[in-house]
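# Geometric and topological summary
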Amino acid sequence: MPNYRRVWRPGGTYFFTHTLRFRRGNDLLVRHIDTLREAVRVVRQRHPFEIHGWVVLPDHFHCLIELPQGEVDFALRWRLIKMVFSRAVPADEWRSKILRDRRERGIWQRRYWEHLVRDEKDFRRHLDYIHINPLKHGLVPRVGDWPYSTFHRDVERGLYPEDWAGPPETDASLYDD
């Protein structure tokens, strides 16, 4: 079994990627976006964390969160969020005999990507990555067109212009005869 090494920094800021087990053609997360939001809300009540950035795509999500001072257990928060979400969505996903025998759902990949943010430049790079992800995956022509992102909140706060990372404007006069 692999030895996964995680960095546990009290009050740390972390970037995470969580992915569905079966990704191809799976839109479970956006189809049940309110259920995911509720799972996050419920867990944050008992185990707080600050959300600096979040984007939910059909089959995975990325987020940038900060734990309270003295807190290190992000794994507990993710286990609970996934559990609350999984219990709330219909059990219609394909499950192997092993999963059925263990009475486990087949929704999430077992592992996730975690990165401890080192400094302000690293923070900004990950926040930008979160917000540009729907554009990167070809889901929208402009970042602001994707509804499941903290980009809209950050535009309101003045952190990003509304047209950030949008397509370059075309000059219509170039096409006049």
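As a convention, each chain's residues are numbered from 1 in the sequence order in which they are written. A pLDDT threshold of at least 70 governs which residues receive local features in this predicted model, and a stricter bar of 80 or more applies before side-chain atom pairs are shown or counted, although totals over entire chains, interfaces and linings include all residues. The side-chain quantities take in all heavy atoms of the structure and omit both hydrogens and water.

## Quick word on the pattern of salt bridges
Put simply, the rule reads: The term salt bridge refers to a pairing of a side-chain nitrogen on Lys or Arg with a carboxyl oxygen on Asp or Glu at a separation within 4 Å. The numbering of helices and of strands both runs from the N terminus, where a helix is a DSSP run of H or I of at least 4 residues and a strand a run of E of at least 2. Summary of the burial criterion: residues with accessible area below 20% of their type's maximum are buried, those above 50% are exposed, and those between are partly exposed, where the area comes from a 1.4 Å probe applied to protein chains only.
Enumeration over the complete set of coordinates arrives at twelve salt bridges. Among the salt bridges present, the one from Arg-6 reaches Glu-114, with a minimum N-O distance of 3.0 Å. Of this pair, Arg-6 sits in the segment before strand S1 (13–19) while Glu-114 sits in strand S4 (residues 113–116), and the two are 108 residues apart along the sequence. Judged by relative accessible area, which is 21%, Arg-6 ranks as partly exposed. Assessed through its relative accessible area of 10%, Glu-114 is described here as buried. Arg-23 is the salt-bridge partner of Asp-59, the closest N and O atoms lying 3.1 Å from each other.

## Section: the UniProt feature "domain: Transposase IS200-like" (unreviewed entry) in the protein chain
Where we set the bar: UniProt positions are given in the numbering used here, feature names are shortened, and annotations may be inferred rather than shown by experiment.
When the UniProt feature table is mapped onto this chain, "domain: Transposase IS200-like" (unreviewed entry) is found at residues 9–133. With 42% helix and 20% strand, residues 9–133 has end C-alpha atoms that lie 27 Å from one another.

## Section: the packing of aromatic side chains
Heads up, the condition is: Stacked, tilted and edge-to-face pairs are distinguished by plane angle, under 30 degrees for stacked and over 60 for edge-to-face with tilted covering the rest, among Phe, Tyr and Trp rings (Trp via its six-membered ring) whose centres lie within 6.5 Å. Ring-over charges, as used throughout, are those where CZ of Arg or NZ of Lys falls within 6 Å of the ring centre and within 35 degrees of the ring normal.
Applying the stated rule across the entire model yields 17 aromatic pairs. Look at Tyr-160 and Trp-164: their rings are 4.8 Å apart centre to centre, the planes differ by 65 degrees, and that puts the pair in the edge-to-face class. The ring of Phe-49 has Arg-44 sitting right over it, with the charged end atom 5.4 Å from the ring centre. Here Arg-124 stacks its cationic end above the ring of Tyr-160, 4.5 Å away from the centre of that ring.

## A look at the sheet that holds S1
The line we're drawing: In this scheme, strands are said to pair when DSSP sees at least two bridges between them. Here, axes are lines fitted to C-alpha atoms. For helices the fit covers the stretch in contact, and angles between N-to-C directions go from 0 to 180 degrees. Residue contacts are defined here by distance: any two heavy atoms, one from each residue, within 4.5 Å place the two residues in contact.
Spatially, S2-S3-S1-S4 is the arrangement adopted by the four strands of the open sheet, whose pairing is antiparallel. The sheet is open, and its two borders are formed by strand S2 (50–56) and S4, each paired with just one other strand. Recorded for the sheet is a direction-independent mean angle of 10 degrees between the axes of neighbouring strands. Here S1 pairs with strand S3 (residues 60–66) via seven bridges, running antiparallel. Note that in S3 the partner of Phe-15 across the bridge is Leu-64. Contacts from helix H2 (residues 33–46) reach S2 and S3 within the one sheet, and its direction differs from that of S2 by about 160 degrees. Lying on the sheet, helix H3 (residues 74–88) is in contact with S1, S2, S3 and S4; it crosses S1 at an angle near 35 degrees.

## Focus on H3
Stated precisely, the cut-off is as follows: Take the residue count of a helix, subtract one, and multiply by 1.5 Å to get its expected span. The reported arc concerns the directions from the helix axis to the C-beta atoms and nothing else. Each polar contact in these results corresponds to two N or O atoms within 3.5 Å; when the atoms are within protein, one needs to be able to donate a hydrogen and the other to accept it, and residues that are neighboring in sequence are counted only if both atoms are side-chain atoms.
Along its 15 residues, H3 runs 21 Å from first to last C-alpha, staying within 8% of the 21 Å computed at 1.5 Å per residue. All of the buried residues in H3 are Phe-74, Ala-75, Arg-77, Trp-78, Ile-81, Lys-82, Phe-85 and Ser-86. Down the axis, H3 shows its buried residues gathered within 160 degrees of arc, on one side only. Seen from the open side of H3, the exposed residues pointing more than 90 degrees away from its buried face are Arg-79 and Arg-87. Along its buried surface, H3 packs onto S1, helix H1 (28–31), H2, S2, S3 and S4. Of the residues that open H3, the one with a side-chain oxygen 3.4 Å from the backbone nitrogen of Ala-75 is Asp-73.

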